[in-house]
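Remarks on the overall topology
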Amino acid sequence: MLGFPRNVGWIEVICGSMFSGKTEELIRRLKRAQIAQLKVQIFKPRLDDRYDTSRICSHSDQRLESVAIERAEEILRLLKPDTQVVGIDEVQFLGPEVVAVCELLAQKGLRIICAGLDQDYLGKPFEPMPQLLAIAEYITKELAICVVCGNPANRSQRIISDSARVVVGAAGAYEARCRKCFVPEPVEATAPQNLRLL
Ligand SMILES: [Zn+2]
């Protein structure tokens, strides 16, 4: 982004596969907003308790304080009157209501920065990311590195058997793969654990 719009709200979406650095980029932007003396509030869905329920954390262990919520509407209730920037991590878990919530906040003049998975483990669009991407002013698609061939990767390969759409909190349950190496069903891991977490 070259500059910030003035006197108007907007929505930024950072999307990508697992291990693509979405949360790291979200944290980077939110920290810069804090340095700029802006009032920042950060939310994340409660079901994602991988590392810490009250913080957002990247795989490289960057972290920021956040509020865990069950439903998107809670953002409106918990919003402080002087908040200027709202960060939301793992936004794909907050359901279709989060689209209207983001729209409302942007309409009120706030800057909204959302990070989330754009595809599920089958390689299908992860609702409501398509809707969020459509209404956002700024979109960043992060890419991971395919652990099989080293190409840029935009898919999350599941490497354990589970029929849930996302296996939450299972750091060893996925690895990043490109479209050539991705198969839409659980497979054996190809990379050592520490490589998959990069
Ligand atoms: Zn590959």
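What you see is a predicted model, and the numbers here were worked out from it, not measured in a lab.

**A few points about the overall build of the protein**
Across its full length, the protein carries 5 helices and 12 strands. Classification of the 198 residues of the protein by burial places 48% in the buried group. Counted over contacts in the protein with a minimum sequence separation of 6, partners at least 24 positions apart contribute 69%. Counting every atom, the protein has about 9,900 Å² of accessible surface; 52% of that belongs to carbon and sulfur.

**Examining the nonpolar core**
In terms of nonpolar packing, the biggest core is built from 24 residues, with Val86, Ile88, Val98, Ile112 and Leu132 touching the most fellow members. Top element by residues in this core is helix H3 (residues 97-107). It accounts for 6 residues. Setting aside residues up to four positions removed in sequence, Ile112 forms contacts with Trp10, Ile11, Glu12, Val86, Ile88, Cys102, Leu105 and Ala106.

**Concerning helix H1 (residues 22-35)**
With 14 residues, H1 should reach 20 Å at 1.5 Å per residue; the first-to-last C-alpha distance of 20 Å fits that figure. Lys22, Thr23, Glu25, Leu26, Ile27, Arg29, Leu30 and Ala33 are the residues of H1 that are buried.

**What about the pattern of salt bridges?**
Applying the stated criterion across every chain, the model contains 9 salt bridges. The residue Arg71 makes a salt bridge to Glu73 at a minimum N-O spacing of 3.4 Å. Among the residues examined, Arg71 registers a relative accessible area of 48% and is labelled partly exposed. When its relative accessible area of 32% is taken as the criterion, Glu73 is described as partly exposed.

**A few points about the pairing of strand S7 (residues 111-117)**
Buried residues dominate S7, accounting for 7 of its 7 residues. Neither face of S7 is left uncovered, since the one carrying Arg111, Ile113, Ala115 and Leu117 and the one carrying Ile112, Cys114 and Gly116 both have all their residues buried. Judged from the 7 bridges that link them, strand S1 (residues 10-16) and S7 form a sheet pairing that is parallel. Bridge assignment links Val13 to a residue of S7, and that residue is Cys114.

**Some remarks on the coordination of the zinc ion**
Coordination of the zinc ion by the protein involves Cys146 (SG), Cys149 (SG), Cys178 (SG) and Cys181 (SG), with metal-donor separations of 2.3 to 2.4 Å. Metal-centred angles of 104 to 118 degrees between the 4 donor atoms at the zinc ion mark the site as tetrahedral. Linear spacing of the donor residues for the zinc ion on their chain is C-x2-C-x28-C-x2-C. Note that Cys149 is positioned in the loop between strand S9 (144-145) and strand S10 (152-153) and Cys178 in the loop between strand S12 (174-177) and helix H5 (193-196), a separation of 29 residues in sequence. Judged by relative accessible area, which is 5%, Cys178 ranks as buried.

**A look at the sheet that holds strand S5 (residues 67-69)**
The 6 strands lie next to each other as S5-S2-S6-S7-S1-S8, forming an open sheet whose pairing is parallel. Each having just a single partner strand, S5 and strand S8 (138-142) make up the two edges of the open sheet. For this sheet the average axis-to-axis angle between neighbouring strands, irrespective of direction, equals 20 degrees. Across 4 bridges, the pairing between strand S6 (residues 85-88) and S7 is parallel.

Rules behind the numbers
- Residues take numbers from 1 onward in each chain, read along the sequence in its written order.
- Since the coordinates come from a predicted model, pLDDT governs what is reported: local features require at least 70, and pairs of side-chain atoms require 80 or more to be given and counted, while whole-chain, interface and lining totals use all residues.
- The side-chain figures draw on all heavy atoms in the structure; neither hydrogens nor water molecules are used.
- Secondary structure elements are taken from DSSP: a helix is a run of H or I of four residues or more, a strand is a run of E of two residues or more, and numbering for both begins at the N terminus.
- Working definition: with a 1.4 Å probe on protein chains only, accessible area under 20% of the residue-type maximum means buried, over 50% means exposed, and in between means partly exposed.
- Contact criterion: two residues are considered in contact whenever any of their non-hydrogen atoms come within 4.5 Å of each other.
- Areas reported here follow the Shrake-Rupley algorithm with a probe of radius 1.4 Å; residue values treat only the protein chains shown as occluding.
- Among the buried residues, those of types Ala, Val, Leu, Ile, Met, Phe, Trp, Tyr and Cys that are joined through side-chain atoms within 4.5 Å form a nonpolar core.
- Helix span is expected to be 1.5 Å times the residue number reduced by one.
- Every case where a carboxyl oxygen of Asp or Glu lies within 4 Å of a side-chain nitrogen of Lys or Arg is listed as a salt bridge.
- What makes two strands pair is DSSP finding at least two bridges between them.
- Here the coordinating atoms are restricted to nitrogen, oxygen and sulfur within 2.8 Å of the metal centre, or 3.2 Å for Na, K and Ca, and because water is not among them the sites may look incomplete.
- The rule is simple: four donors are tetrahedral if all their angles sit between 85 and 135 degrees, four are square planar and six octahedral if opposite donors span more than 155 degrees and the others lie between 65 and 115, and anything that fits none of that is irregular.
- Angles here are taken between N-to-C directions and fall from 0 to 180 degrees, while the axes themselves are lines fitted to C-alpha atoms, restricted in helices to the stretch in contact.

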